[in-house]
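# Residue-level structure breakdown
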Amino acid sequence: MSLEALVPILLIALVASGSPGPATLAIAGTSMGAGRRHGLALAAGVVLGSWTWSLAAALGLGAVMAAHGWIFEIMRYVAAGYLFWLGLKAARRAWAGSKARPIAQAACTSLRGAFAKGLALHLTNPKAILFFGSLYSIALPANAPWRDFAIIGGSVAVLSLLVFLGYALLFSRPPIVRAYTRLGRWFDAAFALLFGAAALRILTARIS
């Protein structure tokens, strides 16, 4: 695969992974509230979920799942329920205000818990398998060699690693953490609204 063909694919993947969404919201909120280590742990879980869907799509699982719409319907409700739960937690912290600080214990009890949260967040996202499935189907013909699949999969994997870990590092910087400490209630209120909006979007989206 040539570099000219790979660059547009990476640009699409960059927009998809870097644009605001449930994963980036969770990484930002955890990094600001619970600290850099928890933010990186959650981001690592998101990255593993991204790699899992990428590998599944490369192996053809996307086409199998697309042929069985009930699988996506189950995932849709699971994902929406999980996002509503995250939004409810953020809303409760916003309601409690300063009594909920520090957020480190409230947001994640352990690094393993943060990692599991990130993994669950991405594995329950039905849009992820559709994105990777369409990425491979559009970028590669059916008879493409496995070397091309490996190049795309490896490049997108490195890109997602840089993007999601970069979010954790960015939002754990002291100036941003200090802003969160001062305006934590408003941040949490915004997270509650955004998680709720993401859940509604998943519930009402037409998956085809």
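Residues numbered from 1 in each chain as written. Predicted model: local features only at pLDDT ≥ 70, side-chain atom pairs only at ≥ 80, totals over all residues. Heavy atoms only, no water.

## A closer look at the overall build of the chain
What the chain contains, in helices and strands, is ten helices and zero strands. When the elements of the chain are put in sequence order from the N terminus, they spell out α-α-α-α-α-α-α-α-α-α. By residue count, 44% of the 208 residues in the chain fall in the buried class. (Helix = DSSP H or I, 4+ residues; strand = E, 2+ residues; numbered from the N terminus. Buried < 20%, exposed > 50% of the residue type's maximum accessible area, 1.4 Å probe, protein only.)

## What to know about helix 9 (residues 146-171)
Owing to its 3.6 residues per turn, the α-helix aligns residues three or four sequence positions apart on the same side. Helix length check: helix 9 (26 residues) gives 37 Å between terminal C-alpha atoms against 38 Å at 1.5 Å per residue, within 8%. Looking only at helix 9, the buried set comprises Asp148, Phe149, Ile152, Gly153, Val156, Ala157, Leu159, Ser160, Val163, Phe164, Tyr167 and Ala168. (Expected span 1.5 Å × (residues − 1).)

## A short note on the environment of Met32
Examined against the element boundaries, Met32 turns out to sit in helix 2 (residues 22-34). Separated by 136 residues in sequence, Met32 and Ala168 place their C-alpha atoms 8.5 Å apart. What Met32 contacts, discounting residues up to four positions off in sequence, is Phe171, Ile176, Val177, Tyr180, Phe187 and Phe191. (Contact = heavy atoms within 4.5 Å.)

## Notes on the environment of Ser134
Structurally, the position occupied by Ser134 is in helix 8 (residues 126-139). For Ser134, a relative accessible area of 31% gives the class partly exposed. Taking the C-alpha atoms as reference, Ser134 lies 8.6 Å from Ala57; in sequence the two are 77 residues apart.

## As for the side chain of Thr124
Assignment of secondary structure puts Thr124 in the loop between helix 7 (111-123) and helix 8. Overall, Thr124 belongs to the buried group, its relative accessible area being 18%. A distance of 2.7 Å separates a polar side-chain atom of Thr124 from the backbone oxygen of Ala120. Polar side-chain contacts of Thr124 include one of 3.4 Å to the backbone oxygen of Leu121. (Polar contact = N/O pair within 3.5 Å; in protein donor to acceptor, adjacent residues only side chain to side chain.)

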